[in-house]
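Now for the letters of each chain:
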Amino acid sequence: MRYIISFMFVAVSLFAHPHIFLEVFPSVKVKNSVLEEIKIKWIFDEMTSSMIMMDFDTNHNGTFEKDEVKLVEKEAFRHLIEMSYYTHLTIDGIDIKTPKAKQFDAKVYNHKVEYYFTLHFDTKIEKNLKLSFHDTDFYVAFVFKDDYILDKNSNFDYKVLEEDNDFYYGYALFMKKR
């Protein structure tokens, strides 16, 4: 029996693939070499967006009212702190704990759901910052391109790379002080 269960686990793992696709638009605010905040905008794929709308657009008007945004935050966002909001930060080679998101908002634009949230920091950057977006369970896939970076700081060079870590894919933004 345990061989059958082991085989089933391996077989299911072999077919793991993303179910949610997110476009990520970060804005990194650095002042006097101190990371102050990262504002993040997620745009969900059409299928996920329609499911979120069915669950949380309770008056079915194609947008989110204030009470619906609060429900989205409570039921479909808040728990993502357990996964660091799929946002992983390293400054000068040191992993930085992801804080609880603030200023959450949810909107609908062109039939796609968008999440907006802010992560606040107070961390000195001596040399570089790496901001990566990935899901180690491979349930969520990300699209992140160089032109998705909002509000670039002129004191840094920016580079976006795809991360292939054998069991998950993601993207990383590298910022290096000039």
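Use the structure listed above.
Residues numbered from 1 in each chain as written. Predicted model: local features only at pLDDT ≥ 70, side-chain atom pairs only at ≥ 80, totals over all residues. Heavy atoms only, no water.

For the chain, the count of helices and strands is three helices and 10 strands. Along the chain, from the amino end to the carboxyl end, the secondary structure elements read α-β-β-α-α-β-β-β-β-β-β-β-β. A separation threshold of at least 6 residues defines the contact pool for the chain, and within that pool the share at least 24 residues apart is 62%. Counting only carbon and sulfur atoms, one obtains 55% of the accessible surface of the chain, whose full area is about 11,000 Å². (Helix = DSSP H or I, 4+ residues; strand = E, 2+ residues; numbered from the N terminus. Contact = heavy atoms within 4.5 Å. Areas by Shrake-Rupley, 256 points an atom, 1.4 Å probe, with all protein chains shown as cover.)

Right, let's get into helix α3 (residues 66-76). Of all the residues in α3, the buried ones are Glu 68, Val 69, Val 72 and Ala 76. Buried positions in α3, seen along its axis, are confined to an arc of 105 degrees and lie on one side of it. Facing away from the buried side of α3 by more than 90 degrees, the exposed set consists of Lys 66, Asp 67, Lys 70 and Lys 74. (Buried < 20%, exposed > 50% of the residue type's maximum accessible area, 1.4 Å probe, protein only. Arc of directions from axis to C-beta.)

Our focus in this paragraph is the environment of Asp 146. For Asp 146, the location among the structural elements is in the loop between β8 (140-143) and β9 (156-164). A residue is classified by how much of its surface remains accessible, and Asp 146, at 37% relative accessible area, is partly exposed. Along the primary structure Asp 146 and Leu 161 are separated by 15 residues, whereas in three dimensions their C-alpha atoms are 8.7 Å apart. With residues up to four places along the chain from it excluded, the contact list for Asp 146 reads Lys 152 and Val 160.

What follows concerns helix α2 (residues 46-56). Buried within α2 are the following residues: Thr 48, Ser 49, Ile 52, Met 53 and Phe 56. In an axial view of α2, the angular spread of the buried residues amounts to 135 degrees, which keeps them on one side of the axis. Turned more than 90 degrees from where α2 packs its buried face, Glu 46, Met 47, Met 54 and Asp 55 sit exposed. For α2, the N-terminal capping position is held by Asp 45, with its side-chain oxygen 3.2 Å away from the main-chain nitrogen of Met 47. (Polar contact = N/O pair within 3.5 Å; in protein donor to acceptor, adjacent residues only side chain to side chain.)

With that settled, consider the side chain of Asp 45. Along the polypeptide, Asp 45 turns up in the loop between β2 (34-44) and α2. Among buried charged residues, Asp 45 stands out as having no salt bridge; its nearest opposite-charge side chain is Lys 112, 8.2 Å away. One polar contact links the side chain of Asp 45 to the main-chain amide nitrogen of Phe 21, over a distance of 2.9 Å. In this structure the side chain of Asp 45 is engaged in a polar contact, spanning 3.2 Å, whose partner is the backbone nitrogen of Met 47. Excluding its chain neighbours within four sequence positions, the residues that come into contact with Asp 45 are Ile 20 and Phe 21. (Lys, Arg positive; Asp, Glu negative; His and termini not counted. Salt bridge = Lys/Arg side-chain N within 4 Å of Asp/Glu carboxyl O.)

This part is about the nonpolar core. Counting residues in each nonpolar core, the largest one holds 48 residues, and the members touching the most others are Leu 35, Trp 42 and Tyr 115. When near neighbours in sequence (up to four residues on either side) are disregarded, Leu 35 contacts Val 28, Lys 29, Val 30, Leu 89, Ile 91, Phe 121, Asp 122, Thr 123, Ile 125 and Leu 129. (Core = buried A, V, L, I, M, F, W, Y, C linked by side-chain atoms within 4.5 Å.)

Once that is clear, we can look at the sheet that holds β2. Taken together, the five strands give an open sheet; going across it, the order is β5-β6-β2-β1-β8, and neighbouring strands pair in mixed fashion. A single partner strand is all that each edge strand has here, and the edge strands are β5 (102-109) and β8. On average, each strand axis in the sheet is inclined to that of its neighbour by 30 degrees, with strand direction left out of account. By the bridge criterion, 10 bridges tie strand β1 (residues 20-31) to β2 in an arrangement that is antiparallel. Along β2, the bridge assignment pairs Lys 29 with Glu 37. (Pairing = 2+ DSSP bridges. Axes fitted to C-alpha atoms, helices over the stretch in contact; angles between N-to-C directions.)

Attention shifts here to unusual backbone geometry. A positive phi angle, close to 50 degrees, is found at Asp 92, a residue other than glycine. As for its placement among the helices and strands, Asp 92 is situated in the loop between β3 (87-91) and β4 (94-96). Looking at Asp 92, the relative accessible area reads 28%, which means it is partly exposed. Unusually for a residue other than glycine, Gln 103 sits at a positive phi of about 55 degrees. Examined against the element boundaries, Gln 103 turns out to sit in strand β5.

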